[in-house]
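# Analysis of the macromolecular model
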Amino acid sequence: MNIITLIKQVPDTTDIKTDPKTGNLIREGIESIINPDDRHAIEVAVSLKEKYKGKSIVVSMGPPQAIDAISEAIGMGIDEGILLADRNFGGADTWATSFTLGKAIEKINAYDLILCGRQAIDGDTAQIGPQVAEFLGLPQLTYVMDIEEVDDRRIIVKRGLGNGYERVESPLPALITVIGELNKPRYPRVDLLINACKENARITLWNAADLKVSVQEIGLSGSLTRVIKTFSPKVKREGEMLKGDKGEAVGQLIERLAGNYLI
Amino acid sequence: MAIFIDYDLCTGCKRCEKICPYNGIEVKDGKAVVNERCTSCGVCIDNCPENAISSDIKEKEVPDFRDRKGIWVFAEQADGVMAKVTKELLGLGQSLAKDLNQELSAVLLGNNVGHLIEELQKYGAQRVYLAQHELLSVYQTNPYTKVISEIILHNKPSIFIIGATPIGRDLAPRISMRLNLGLTADCTELSIDQEDGLLLQTRPAFGGNLMATIKTAYSRPQMATVRPGVMESKKIGTSSNCEVIHVDSSLTKEDVVTRVLEFVGEKKKVVSLNDAKVIVAGGRGVGSEEGLKPLFELAEALGAEVAGTRIVIEEGWLPVERQVGQTGQTVRPELYVACGISGAIQHRAGMLGSRYVIAINKDERAPIFEAADWGIVGDLHEVVPTLTNAILNRKGK
Ligand SMILES: Cc1cc2nc3c(=O)[nH]c(=O)nc-3n(C[C@H](O)[C@H](O)[C@H](O)COP(=O)(O)OP(=O)(O)OC[C@H]3O[C@@H](n4cnc5c(N)ncnc54)[C@H](O)[C@@H]3O)c2cc1C
Ligand SMILES: Cc1cc2nc3c(=O)[nH]c(=O)nc-3n(C[C@H](O)[C@H](O)[C@H](O)COP(=O)(O)OP(=O)(O)OC[C@H]3O[C@@H](n4cnc5c(N)ncnc54)[C@H](O)[C@@H]3O)c2cc1C
């Protein structure tokens, strides 16, 4: 079974602090990590490979330093990595990202299963999986929390939907997006990691020309959405601190609540 | 693709540094410098007050979209019951339709769902596109994508909004790729730009740490998913007309590739914090499951639901469906009482829409006070029972 896993390198947003004065993000010294959902996808790929043989490839579109994410995936047991890196891929929205990833998958050609994380913790859109599936004309199974059965022709999964779960069967090839409940990702093995970093032999770089795509279709030029401004979330209110001992403070609060018809 | 700075014009005002989503531009020695984190996204270009930033990317041409009209809402339903988010989308749609002076339509798919038309009308739909077919009776990606894409192609709407529910987030990106449409995810605010009439789509990213406003000028319909629980539904008088357009779909069995074997609903009744008018929420400061007791008593006195931060859920003091925040529920009650909650951004992301917020915390510097209308510094185990008694006394009178 040949499996392609799409992974994204992201800033560790759980580390992000906001400047208490300006409310702006402080991003100095924030680490880049493999998107958390994608680790679970890698775990699926590696454990299926152990069971069914075949080749496992990770594909990532990103800046040159995203090679670290690919090396780590190889450290976890993935066979090969492909980094889609080109200045012209920059600024891509989800449509342009999915188009580029789709072209790369078409070029790889041999696959039975495509795995994605449900959502990247920076862009937060959860749109790439379904868009890539549509680009390739594949069935999609999103929010996968358990893989019950898989053979070379079909897959049965549980999809977590918040108010319960759905068991669904799909023919292969198919694309699935996974959520954290699915499994516990293994740690990279040091020897594999060192190999991946040392030779980079199992990592291939593809640029726009390799994918035979035109500049108008990719990156910011290919994007159909435009971020026109960004700002810090509005969280401040006219906070009034109620003074005095607890009885007095509560007394003032009752007045305010009653004044606003809240009690 | 690259970003260029004109050093004669740059005044080092740092506006670009503040608004860059990637930290890809910094002011050094009084001038902006682009670094390796830059993705050429172009946000800085439009925001530079001195016009000192440019790039070698050619602006795409905007096609002529003058024939695209109408605000559309996807009418999500399950088993013939309207999803709550559908009403919220219609509430939002009413104000967009008014701003643009266009009609508001709902797109309803299913099997035997005709009875929902009246409800759609009551919440503001002036027209309903109705597609009924046995293959549409439960949501499945392929048949829904196919039918909706066909309706869009034939009727050319200007705006199409979908709830950011598990169904909506499965469906919307599929349609966006099929029809080559820009799509903005999980919006918390939508409005019309008075200058060019385009939809302004605002959404949180980077785990709630950053808000972005997005436009989709290059494709129609302008498409966005909208976070449930954020918009308000509005009933209108039933006297108005509602036109129903029956859509014949060309669906066949071949369009259904996946097979739903079963749906297993969660046994626990899902508490809908969404609907709560008053919420009393506890954080780590309650100290233990036992420590929640005064909160339940206050909730009883106020007719409120009890909720918690992720810490409280992780500690097992409350079940997961009572978590408020970025990875929990988004709530918008009239009153939110935060007890022993520090006010982390991920928590605030879920309660920003509350009308009034009370914070009770023993640390006067806790960030929750910045998100509160009224704050009391003190031990919640003393303040909360005092408040409960005061409310009960008042009621007693
Ligand atoms: C503040 C901000 C807001 C944005 N909002 C939008 C928006 O509303 N709509 C829009 O179209 N674009 C938006 N973008 C652009 C979007 O973030 C990028 O297109 C991004 O490359 C992909 O989206 P995501 O991070 O949301 O990925 P998701 O769709 O959340 O990612 C899901 C999965 O897809 C795979 N994947 C994602 N990216 C890659 C990659 N580069 N290489 C390999 N696999 C990948 C991974 O498996 C990942 O787990 C926004 C960007 C910013 C900075
Ligand atoms: C990706 C991600 C997603 C997340 N999603 C969510 C989410 O959806 N919801 C969420 O809530 N969190 C979420 N978090 C966690 C969030 O970052 C915070 O860790 C969490 O909200 C803190 O909870 P807390 O306020 O209960 O605890 P703390 O931050 O520990 O605060 C406890 C507060 O109680 C006060 N206190 C202590 N004792 C008393 C007392 N006796 N009387 C009065 N005050 C007292 C303290 O002064 C302190 O301010 C998320 C984090 C990440 C990284």
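These notes cover the structure that comes with them. (Residues numbered from 1 in each chain as written. Chains lettered and ligands numbered in written order. Predicted model: local features only at pLDDT ≥ 70, side-chain atom pairs only at ≥ 80, totals over all residues. Heavy atoms only, no water.)

### A short note on the interface of chain B and chain A
Between chain B and chain A, the residue contacts involve 93 residues of the former and 86 residues of the latter. Counting the surface lost from both chain B and chain A, the interface buries some 8,000 Å², and carbon and sulfur atoms represent 57% of this. At the boundary of chain B and chain A, one finds five salt bridges. With a closest N to O distance of 2.7 Å, Glu-134 of chain A and Arg-174 of chain B form a salt bridge. Between the two partners, chain B and chain A, sit 30 residue pairs in polar contact (both at pLDDT 80 or more). Top element by residues in the side of chain B that touches chain A is helix α6 (residues 166–178) of chain B. It accounts for eight residues. (Contact = heavy atoms within 4.5 Å. Buried area = accessible area lost by both parts, 1.4 Å probe. Salt bridge = Lys/Arg side-chain N within 4 Å of Asp/Glu carboxyl O. Polar contact = N/O pair within 3.5 Å; in protein donor to acceptor, adjacent residues only side chain to side chain. Helix = DSSP H or I, 4+ residues; strand = E, 2+ residues; numbered from the N terminus.)

### Regarding the site of ligand 1
Taken together, 35 residues form the shell around ligand 1, and within it Lys-8, Asp-38, Thr-94 and Thr-125 of chain A together with Arg-203 of chain B come nearest. What surrounds ligand 1 is not a single chain but chains A and B. Within the backbone of Ala-92 of chain A, a nitrogen or oxygen atom sits 2.8 Å from an oxygen atom of ligand 1. Thr-97 of chain A is positioned with one of its side-chain polar atoms (N or O) 3.2 Å from an oxygen atom of ligand 1. Notes on ligand 1: free accessible area 940 Å², of which the protein chains cover 97%. The set of elements that each furnish at least two residues to the shell around ligand 1 consists of β6 (56–61), α3 (94–108) and β8 (113–117) of chain A together with β11 (183–187), β13 (199–205) and β14 (210–215) of chain B. Of the residues that constitute the shell around ligand 1, the class distribution is 17 nonpolar, eleven polar and seven charged. (Near = heavy atom within 4 Å. Areas by Shrake-Rupley, 256 points an atom, 1.4 Å probe, with all protein chains shown as cover. Nonpolar A, V, L, I, M, F, W, Y, C, P; charged D, E, K, R; others polar.)

### A short note on the sheet that holds strand β21 (residues 356–361) of chain B
Reading across the sheet, the six strands line up as β15(A)-β22(B)-β21(B)-β20(B)-β18(B)-β19(B) and stay open at both edges, with parallel pairing between neighbours. Edge positions in the sheet fall to β15 (240–241) of chain A together with β19 (305–308) of chain B, since each of these pairs with one other strand and no more. As defined by bridge partners, strand β18 (residues 278–282) of chain B adjoins strand β20 (residues 335–339) of chain B across five bridges and the pair is classed as parallel. Counted as the bridge partner of Ile-279 of chain B is Tyr-336 of chain B from β20 of chain B. In the packing of helix α7 (residues 246–259) of chain A onto the sheet, contacts are made with β15 of chain A together with β20, β21 and β22 (374–377) of chain B, and the angle to β22 of chain B comes to roughly 165°. Helix α10 (residues 380–396) of chain B contacts β20, β21 and β22 of chain B of the sheet and is inclined by roughly 135° relative to β21 of chain B. (Pairing = 2+ DSSP bridges. Axes fitted to C-alpha atoms, helices over the stretch in contact; angles between N-to-C directions.)

### Notes on unusual backbone geometry
Put simply, Leu-172 of chain A and Pro-173 of chain A share a cis peptide bond, and its omega is 0°. Locating Pro-173 of chain A in the fold gives a position in the loop between β11 (164–171) and β12 (174–178). Despite not being glycine, Asn-101 of chain B has its phi angle at roughly 55°, a positive value. Counting through the fold element by element, Asn-101 of chain B comes out in the loop between α3 (84–100) and β8 (104–110).

### A word on the sheet that holds strand β14 (residues 226–231) of chain A
Taken in spatial order, the four strands of this open sheet run β14(A)-β14(B)-β13(B)-β12(B), and their pairing is antiparallel. On the outer flanks of this sheet lie β14 of chain A together with β12 (189–192) of chain B, each paired with one strand and no other. Across this sheet, the average inter-strand angle for adjacent strands is 25°, counted without regard to direction. Here β14 of chain A pairs with β14 of chain B via five bridges, running antiparallel. Looking at the pairing, Arg-226 of chain A lines up with Lys-215 of chain B of β14 of chain B. Contacts between α3 of chain B and the sheet are confined to β12 and β13 of chain B, with β12 of chain B contributing the most and set at about 15° to the helix.

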